[in-house]
Amino acid sequence: MKTGIHPPYGPVVFRDRAAGFAFLTRSTMTSERTVEWEDGRTYPVVDVEISSASHPFYTGTARVVDAAGRVERFERRYGRGARR
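Residues numbered from 1 in each chain as written. Predicted model: local features only at pLDDT ≥ 70, side-chain atom pairs only at ≥ 80, totals over all residues. Heavy atoms only, no water.

Draft legend 1. Inspection of the overall build of the protein at higher detail. A tally of helices and strands in the protein yields two helices and four strands. N-terminal to C-terminal, the α/β element order of the protein is β-β-β-β-α-α. A sequence separation of at least 24 residues applies to 32% of the contacts in the protein between residues at least 6 apart. Roughly 7,400 Å² of accessible area belongs to the protein as shown, and the carbon and sulfur atoms make up 52% of that amount. (Helix = DSSP H or I, 4+ residues; strand = E, 2+ residues; numbered from the N terminus. Contact = heavy atoms within 4.5 Å. Areas by Shrake-Rupley, 256 points an atom, 1.4 Å probe, with all protein chains shown as cover.)

What follows is the structure, encoded as structure tokens:
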């Protein structure tokens, strides 16, 4: 790697405000805001809108899309039509 062209890579806390969930990892993202972590050290914190703690897929609250119902509704609305 070339020196001097890459952003600094260090520990950052990502916080999901909606779920009240935070995790410490390494990233090139930075922030002016900081938070004191469980180990007593202060790290930059980045607030995210969604994480594995609040995403419907991971929490099991995802809706199942009824594809057959969509096709039937489309055919009722627009008819089967002539195939070309």
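Draft legend 2. Focus on the side chain of aspartate 16. The topology assignment puts aspartate 16 in strand β1 (residues 10–16). No salt bridge is formed by the buried aspartate 16. Its closest oppositely charged neighbour is arginine 17, at 8.3 Å. Apart from the residues lying within four places of it in its own chain, the contact partners of aspartate 16 are Phe21, Val48, Glu49, Ile50, Ser51 and Ser54. (Buried < 20%, exposed > 50% of the residue type's maximum accessible area, 1.4 Å probe, protein only. Lys, Arg positive; Asp, Glu negative; His and termini not counted. Salt bridge = Lys/Arg side-chain N within 4 Å of Asp/Glu carboxyl O.)

Draft legend 3. Fine view of a positive patch on the surface. On the surface, a cluster of positive charge is made up of Arg70, Arg73, Arg76 and Arg77. With respect to the helices and strands, the residue arginine 76 is situated in helix α2 (residues 67–78). Arginine 76 gets classed as exposed once you look at its relative accessible area, which sits at 66%. (Patch = residues over 30% accessible without salt bridge, like charges linked within 9 Å, V, L, I, M, F, W, Y side chains within 5 Å. Charge placed at Lys NZ, Arg CZ, Asp CG, Glu CD.)

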